Amino acid sequence: AGIAVEQGVRVVSLDETDHAAVVAFCADNDVGLVVCGPEAPLVDGLADSLIAANVPCFGPTKAAARLEGSKGFLKDLLRKYDIPTAKYERFADPEAAKAYIRKEGAPIVVKTDGLAAGKGVIVAMDEDTALRAVDDMMVNAAFGAAGAEIVVEEFLDGEEASFFAVVGGGVAVPLVGAQDHKRVGEGDTGLNTGGMGAYSPAPVLTPALEKVVMETIVQPTVDGMAAEGCPFTGVIFAGLMIKDGEVKLLEHNVRFGDPECQCLMARMRGDLVDLLLRAANGTLGDAPEMAWSDDVAAVVVVAASGYPGAYKKGETIKGLDAANAEEGVKVIHAGTALDEKSGDVVSAGGRVLGVVGTGASVKEATARAYAGVDAIEWKGGFAAAISGGEPSSGKKASETQVSRIVRESPRESATQTVKRADS
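K.L.:
Help me understand the overall build of the protein chain, please; the structure alone is not making it clear to me.
P.N.:
Broken down by element type, the protein chain carries 13 helices and 19 strands. The C-alpha radius of gyration computed for the protein chain amounts to 21 Å, which stays within 12% of the reference 22 Å derived for 423 residues, consistent with globular compactness. When the backbone C-alpha atoms are referred to their principal axes, the protein chain occupies close to 55 × 55 × 45 Å. Taking all 423 residues of the protein chain together, the buried fraction comes to 49%. Summarising the internal contacts of the protein chain: among those between residues at least 6 apart in sequence, 66% fall at separations of at least 24.

Pasting the structure below:
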C-alpha cells in the first residue's frame, strides 16, 4: 500500500511468474529498465526472459542467481576460487549429515540448499538441535524442496556485517555496509528472522576492511562466476563475519536485502537509476563515484504478532502520517495492503513496516526511528530493539521501554508492542 501513494509511481498488477506477461508489459510501455527482485523471480529466470526480449534488466540470470538460490553452489564456488568462508560439506542423505555433525560437534550450522524465505539456516548451539534440524529439513520437509539437500558448515563467531556492490560487465562498484538485527526476541534471543532492524554505516567495516572485502570476496566472486560461464549482473549483498580484523563470507544474496536496503537508500545521494542502468548495459567502468550522506540511517521493522511463525493478516494500521511527520523519519511499507471497503491500510505479511530514522549518530537515528514506531497504532504489531555503534556482543535486555533505552544506550536491547489503537 505504501508505494501507491508515492509521487510519480504507477502500480500495476503483474504476475512475475508469467514471464511472457512481464515482457509484453515492458514492450507495450517502452520500459527502459527492470530492477528484478526479490530472489524468487531471479532464481526462476525472469532476467533471462527480459534479456532475451532486449529489455534492460538489472539482476542476474537464472544460472548466476544460484549464488543465492543454492547454498551448495555458492560454497563450492568459494572453495574453488579460494574465497574465505567457513568449512563445510554438502549432503543429500540425512544419515550422512548426522554422522558428520556427530564427528564435528557443536556449535554448528545447518542450512537448506534452496531458498527458504530467510528461515532455512539453523545455528545449532548443541548437537541435538543440529540433528533435529536435519530431520526437519530432509525427512519432514519443513522447507519443502529447498531442504532436499543441505549444507552443514562450521560455526563462525565474531561480528556480522553486510557489504553491497553493484556489478555488471565484470566490474564491481562498491557501495557501503550495514549491520542488521536478526533475532526476534529480547537480548538478541529467539528465532532468526529475515531481519528486524538495521543501521548504516557499519562501524566494524572500516575503509581498510571494505577494501579487503572487495579484493578478497566481491571481485573474486565476480571473476569466478565469469570463469564458470555465468557472468553476474546485479547487486552482490555479501553477508560477512568479522573477527580480529579478518573477514569471512557467510553468504551472498543477489538483490538489495530488506531491511538493510532501506538504510542504504536513505543515505544515498547519487543517481541510483543511472548506476543500475550502467550495470545492466555493461558500462559500469564509466560510472561516477556514488555520493553518500554522512548521517547514520537506522530502520526498525514493525512485524505482525507471531512472526516468524504464524500471524494474522488484515489488521488495521493507523498513525502512519503521524509517524512520517516525525523529524528524520520515513515509513516504508513491506507487507501492507489497502482495505477495499474502508480504504484503511491493513497488514498483509510478517514483516509489515520499516520505520527509517536518520541522524548524526546511531543513537539519534535509532531514537528517531522509534519515535516513528511510537506514533503507529496497530493492535497486532511489535518491534524488536536494534543496537549499533559498538560491537553487539555486549547487548542486553534490561528494560521494556525501547525508545528510552535507545536514547540512553543503543547497545541495550528489548522489545516493545506497538501502541494499541484503543489505548
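We are not done yet, so read on.
K.L.:
I tried to follow a nonpolar patch on the surface on my own but got confused; where do I start?
P.N.:
A contiguous nonpolar surface patch, about 260 Å² in accessible area, is contributed by Ile-3, Val-9 and Val-11. Position of Val-11 relative to the elements: it lies in the segment before helix H1 (19-28). For Val-11, a relative accessible area of 52% puts it in the exposed group.

K.L.:
Even after reading the chapter, I still don't get the sheet that holds strand S16 (residues 345-347), so can you show me in this structure?
P.N.:
Sheet strands line up and pair through hydrogen bonds in the backbone, either parallel or antiparallel. Read across the open sheet, the three strands follow the order S13-S16-S15; overall the sheet is antiparallel. Among the strands making up the open sheet, the edge pair consists of strand S13 (316-317) and strand S15 (336-338). Bridge count for S15 against S16 is three bridges, and the pairing is antiparallel. Across the sheet, residue Thr-336 finds its bridge partner in S16, namely Ser-347.

K.L.:
What am I meant to see in the side chain of Ser-347 here?
P.N.:
Looking at the element boundaries, Ser-347 is found in strand S16. For Ser-347, the contacting residues outside a window of four places in its chain are Lys-312, Lys-313, Gly-314, Glu-315, Ile-317, Gly-335, Val-352 and Trp-378.

K.L.:
I'm lost on the sheet that holds strand S5 (residues 121-124) in this one. Help?
P.N.:
Strand order in the open sheet made by the four strands is S3-S6-S4-S5, with antiparallel pairing throughout. Pairing within the sheet leaves two strands with one partner each, and these edge strands are strand S3 (88-91) and S5. Taking the axes of each pair of neighbouring strands and ignoring which way they run, one obtains an average angle of 20 degrees across the sheet. As judged from the four bridges shared by strand S4 (residues 108-112) and S5, these two strands associate in the antiparallel manner. Bridged to Val-110 within S5 is Ile-122. Each of S3, S4, S5 and strand S6 (150-154) is contacted by helix H5 (residues 71-80), which is oriented at about 140 degrees to S3, the strand it contacts most. Along the sheet, helix H6 (residues 94-104) contacts S3, S4 and S6; its crossing angle with S3, the most-contacted strand, is approximately 160 degrees.

K.L.:
Honestly, the packing of aromatic side chains in this entry has me stumped. Any pointers?
P.N.:
Each aromatic ring pair is summarised here by two numbers: the centre-to-centre distance and the angle between the ring planes. Counted under the stated rule, the structure contains four aromatic pairs. Considering the side-chain rings of Phe-58 and Phe-256, the 6.4 Å spacing of their centres and the 25 degrees angle between planes classify their relative orientation as stacked. Here Phe-58, found in strand S2 (residues 57-58), pairs with Phe-256, found in the loop between strand S11 (246-253) and helix H9 (260-267); they are 198 residues apart in sequence, far enough to count as distant. Exposure class is identical for Phe-58 and Phe-256. Each is buried. Linked through ring pairs, Phe-58, Phe-164, Phe-237 and Phe-256 together constitute an aromatic cluster.

K.L.:
I tried to follow the nonpolar core on my own but got confused; where do I start?
P.N.:
Core analysis: the biggest nonpolar cluster contains 43 residues, and Leu-50, Leu-67, Leu-205, Met-225, Phe-232 and Leu-240 have the highest contact counts within it. Ignoring sequence-local partners within four residues, the contact set of Met-225 consists of Ala-63, Ala-64, Leu-67, Phe-73, Leu-77, Cys-230, Pro-231 and Phe-232.

K.L.:
How should I be thinking about the packing of H5 against helix H8 (residues 207-227) in this particular structure?
P.N.:
Between two packed helices, the angle of one axis relative to the other and the distance separating the axes together describe the packing. The N-to-C vectors of H5 and H8 enclose an angle of 105 degrees; their axes lie 10 Å apart at closest approach. As judged from the angle between their axes, H5 and H8 are roughly perpendicular. Contact residues: H5 offers Phe-73, Leu-77 and Leu-78, while H8 offers Thr-221, Gly-224 and Met-225. Taken together, the residues that form the contact of H5 with H8 break down as four nonpolar, two polar and no charged.

K.L.:
Help me understand the confidence of the model for the protein chain, please; the structure alone is not making it clear to me.
P.N.:
With 91% of its residues at a pLDDT of 70 or more, the protein chain shows a mean pLDDT of 89. The low-confidence segment residues 388-417 (pLDDT under 50) makes 78 contacts with residues lying over four places distant or belonging to another chain. Predicted confidence is poor over residues 419-423, with pLDDT under 50, and the contacts of this stretch with residues over four places away or in other chains come to six contacts.

K.L.:
What is the right way to look at helix H7 (residues 127-139) in this model?
P.N.:
An α-helix turns once per 3.6 residues; consequently, residues spaced three or four apart project the same way. Between the first and last C-alpha of H7 there are 17 Å, a value that for 13 residues agrees with the 18 Å anticipated at 1.5 Å per step. Of all the residues in H7, the buried ones are Ala-130, Leu-131, Ala-133, Val-134, Met-137 and Met-138. Angular distribution of buried residues about the axis of H7 spans 155 degrees; they occupy a single face of the element. In this structure, the buried side of H7 is in contact with S3, H6, S4, S5 and S6. Sitting at the head of H7, Asp-126 places a side-chain oxygen 3.2 Å from the backbone nitrogen of Asp-128. Following H7 by one or two positions, Ala-141 adopts a phi angle in the positive range, close to 55 degrees.

Rules of the game
- Residues numbered from 1 in each chain as written.
- Predicted model: local features only at pLDDT ≥ 70, side-chain atom pairs only at ≥ 80, totals over all residues.
- Heavy atoms only, no water.
- Helix = DSSP H or I, 4+ residues; strand = E, 2+ residues; numbered from the N terminus.
- Rg over C-alpha atoms; globule rule 2.2 N^0.38 Å.
- Buried < 20%, exposed > 50% of the residue type's maximum accessible area, 1.4 Å probe, protein only.
- Contact = heavy atoms within 4.5 Å.
- Patch = residues over 30% accessible without salt bridge, like charges linked within 9 Å, V, L, I, M, F, W, Y side chains within 5 Å.
- Areas by Shrake-Rupley, 256 points an atom, 1.4 Å probe, with all protein chains shown as cover.
- Salt bridge = Lys/Arg side-chain N within 4 Å of Asp/Glu carboxyl O.
- Pairing = 2+ DSSP bridges.
- Axes fitted to C-alpha atoms, helices over the stretch in contact; angles between N-to-C directions.
- Phe/Tyr/Trp six-rings, centres within 6.5 Å; stacked < 30°, edge-to-face > 60°.
- Core = buried A, V, L, I, M, F, W, Y, C linked by side-chain atoms within 4.5 Å.
- Parallel < 35°, antiparallel > 145°, perpendicular 65-115°, else oblique.
- Nonpolar A, V, L, I, M, F, W, Y, C, P; charged D, E, K, R; others polar.
- pLDDT = per-residue confidence, 0-100.
- Expected span 1.5 Å × (residues − 1).
- Arc of directions from axis to C-beta.
- Polar contact = N/O pair within 3.5 Å; in protein donor to acceptor, adjacent residues only side chain to side chain.

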